[in-house]
Amino acid sequence: MTATEGNTAMASTYSGACFCGAVQFEVTGEPMLQGFCHCNDCRGWSGGPVTSYALWQSGDVRITGGADKVVSFSKSGQAERRHCSECGGALMTAIPAAGMTDVYPHLLTGFSFQPQAHVWYGVRVVEMNDGLPKFRDMPEEAGGSGEMVG
Ligand SMILES: [Zn+2]
Ligand SMILES: [Zn+2]
């Protein structure tokens, strides 16, 4: 636990690292949203059929080591996908317009992932019958249609 200016002393801090360990980062507090994303962009970038996300306020996310190894790539101009230049491992995706950063929850030691929903389920390539809400694209408050699937 680290006391950080702007956060209460009670806030948890979780730390993580890339695949090779050259890049370290930490987040403070709990994510505003978390779940699974089935979109084409996440699939193309990760190589996996589905990705997990956990969105923090960007101000609560810090690179604590190896910042010179962090490479940022933006295909859409909206999301900046960051990886390690040494190992290619995914780190996080910043969404500057929303002031939020998706730090891949399974890279964070001790963080308990509690998915709330599936987004972009309309273009899924795998079924996940876990009883969670499934948005065709995104919730209305995130700029999507808000339509549910299944
Ligand atoms: Zn690495
Ligand atoms: Zn996605």
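In this text the structure is predicted, and so the values were computed from the model without any measurement.

In this structure, what is going on with the coordination of the zinc ion (ligand 1)? I would like to understand it.
Octahedral six-donor coordination of a metal ideally yields angles of 90 or 180 degrees, compared with 109.5 degrees for tetrahedral four-donor coordination. Here the zinc ion (ligand 1) is held by the protein donor atoms Cys-18 (SG), Cys-20 (SG), Cys-84 (SG) and Cys-87 (SG), which lie 2.3 to 2.4 Å from it. One way to put it: the 4 donor atoms around the zinc ion (ligand 1) meet at angles of 106 to 114°, and that makes the site tetrahedral. Ordering the donors of the zinc ion (ligand 1) by residue number gives the pattern C-x1-C-x63-C-x2-C. Of the two residues, Cys-20 is situated in the loop between strand 1 (13-17) and strand 2 (24-28) and Cys-87 in the loop between strand 7 (80-84) and strand 8 (90-95); the sequence distance between them amounts to 67 residues. For Cys-20, a relative accessible area of 44% gives the class partly exposed.

Explanation requested: the coordination of the zinc ion (ligand 2) in the structure shown.
Protein coordination at the zinc ion (ligand 2) comes from Cys-37 (SG), Cys-39 (SG) and Cys-42 (SG), with a distance range of 2.1 to 2.3 Å. Overall, Cys-42 belongs to the buried group, its relative accessible area being 10%.

I would appreciate a short explanation of the packing of aromatic side chains in the present structure.
Given two aromatic rings, their pairing is described by the distance between the two centres and the angle made by the two planes. Taken as a whole, this structure holds 4 aromatic pairs when the rule is applied. A ring pair is formed by Trp-45 and Tyr-104, whose centres lie 5.9 Å apart and whose planes are at 40°; its orientation type is tilted. Residue Trp-45 is located in helix 1 (residues 40-46), and its partner Tyr-104 is located in the loop between strand 9 (100-103) and strand 10 (117-119); the two are separated by 59 residues in the primary sequence. Note on Trp-45: relative accessible area 28%, which makes it partly exposed. On the basis of relative accessibility, which here comes to 11%, the residue Tyr-104 falls in the buried class. Here the aromatic residues Tyr-14, Trp-56 and Phe-111 are joined through ring pairs into a cluster of three or more. Note that Lys-134 overlies the ring of Tyr-121, its terminal NZ or CZ placed 5.5 Å from the centroid.

Could you clarify how one ought to interpret the sheet that holds strand 3 (residues 33-37) in this entry?
By way of backbone hydrogen bonds, the strands of a sheet pair with one another, either parallel or antiparallel. Across the sheet, which stays open at both edges, the 7 strands sit in the order 6-7-8-9-4-3-10 with mixed pairing between neighbours. In this open sheet, the two edge strands, each paired with only one partner strand, are strand 6 (70-73) and strand 10. Recorded for the sheet is a direction-independent mean angle of 30° between the axes of neighbouring strands. By the bridge criterion, 5 bridges tie strand 3 to strand 4 (residues 51-57) in an arrangement that is antiparallel. Looking at strand 4, one finds that Gly-35 is bridged to Tyr-53.

Explain the sheet that holds strand 5 (residues 61-65) here, please?
Strand order in the open sheet formed by 3 strands is 1-2-5, and the pairing between neighbours is antiparallel. The open sheet has two edge strands with one neighbour each: strand 1 and strand 5. Taken pair by pair, the neighbouring strands of this sheet meet at an average axis angle of 25°, ignoring direction. Pairing of strand 1 with strand 2, which is carried by 5 bridges, proceeds in the antiparallel orientation. Bridged to Ser-15 within strand 2 is Glu-26.

Rules used in this analysis
- Residues numbered from 1 in each chain as written.
- Chains lettered and ligands numbered in written order.
- Predicted model: local features only at pLDDT ≥ 70, side-chain atom pairs only at ≥ 80, totals over all residues.
- Heavy atoms only, no water.
- Donors = N, O, S within 2.8 Å, 3.2 Å for Na, K, Ca; no water.
- Tetrahedral: all angles 85-135°; square planar, octahedral: opposite > 155°, others 65-115°.
- Helix = DSSP H or I, 4+ residues; strand = E, 2+ residues; numbered from the N terminus.
- Buried < 20%, exposed > 50% of the residue type's maximum accessible area, 1.4 Å probe, protein only.
- Phe/Tyr/Trp six-rings, centres within 6.5 Å; stacked < 30°, edge-to-face > 60°.
- Lys NZ or Arg CZ within 6 Å of the ring centre and 35° of its normal.
- Pairing = 2+ DSSP bridges.
- Axes fitted to C-alpha atoms, helices over the stretch in contact; angles between N-to-C directions.

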